[in-house]
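# Structural overview for review
This is what each chain is made of:
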Amino acid sequence: MRREPAWYREGSEPDYRFTLANERTFLAWVRTALALLAGAVAVVHVLPAAAPGVRTAVAVLLAATATVLPWAAYQRWTRVQRAMRLGRDLPFTRSLALMAVLLGVLGAGVVVLVLAT
């Protein structure tokens with residue numbers, strides 16, 4: 001027996017194309033999380049140990065982001081799906097700005113690592 005969340009019974013089923021687009025966006029966020037996790041492994045194992053503190057900090061930040069991102073993606077997916085079912089405007093997503101800032105910080109950390117070698 002399939003158990004749906006309570007909000008799934010609210011409103012009406014949106015056009016399946018919008019539901020599928022919402023799912024594709026969710027999957028893109030999950031792919032991004034996997035790429036960040038792979039980046040964390042690469043930072044630890046590929047970059048030289050010239051700046052071990054920075055290397056560890058960048059790897060931990062990448063791995064932590066990869067851990068939180070799927071949860072944020074699911075939260076976004078449910079908010080968008082519910083808004084579509086109820087015919088409301090799509091919700092604003094703060095996660096995008098947060099991820100952009102975090103990736104900027106991570107990029108700066110990688111630059112420091114590369115320059116330190």
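The coordinates are above.
One structure accompanies this document, and this report is about it. Since we're looking at a predicted model, the values are computed, not measured.

### Section: the overall build of the chain
Of the regular secondary structure elements, the chain holds 3 helices and 0 strands. Taking 117 residues into account, the globule formula puts the C-alpha radius of gyration at 13 Å, and the chain, at 18 Å, lies well above it. Taken along its principal axes, the extent of the C-alpha atoms in the chain is 60 × 30 × 20 Å. Expressed as a percentage of the 117 residues in the chain, the buried residues total 27%. About 7,800 Å² of surface is accessible on the chain, with carbon and sulfur atoms providing 68% of the total.

### Side note on helix H3 (residues 95-116)
Between the first and last C-alpha of H3 there are 31 Å, a value that for 22 residues agrees with the 32 Å anticipated at 1.5 Å per step. Listed in full, the buried residues belonging to H3 are Met99, Leu106, Gly109 and Leu113. Down the axis, H3 shows its buried residues gathered within 85° of arc, on one side only. Facing away from the buried side of H3, by more than 90 degrees, are the exposed residues Ala100, Val101 and Leu115.

Reading the values: the criteria
- Residues numbered from 1 in each chain as written.
- Predicted model: local features only at pLDDT ≥ 70, side-chain atom pairs only at ≥ 80, totals over all residues.
- Heavy atoms only, no water.
- Helix = DSSP H or I, 4+ residues; strand = E, 2+ residues; numbered from the N terminus.
- Rg over C-alpha atoms; globule rule 2.2 N^0.38 Å.
- Buried < 20%, exposed > 50% of the residue type's maximum accessible area, 1.4 Å probe, protein only.
- Areas by Shrake-Rupley, 256 points an atom, 1.4 Å probe, with all protein chains shown as cover.
- Expected span 1.5 Å × (residues − 1).
- Arc of directions from axis to C-beta.

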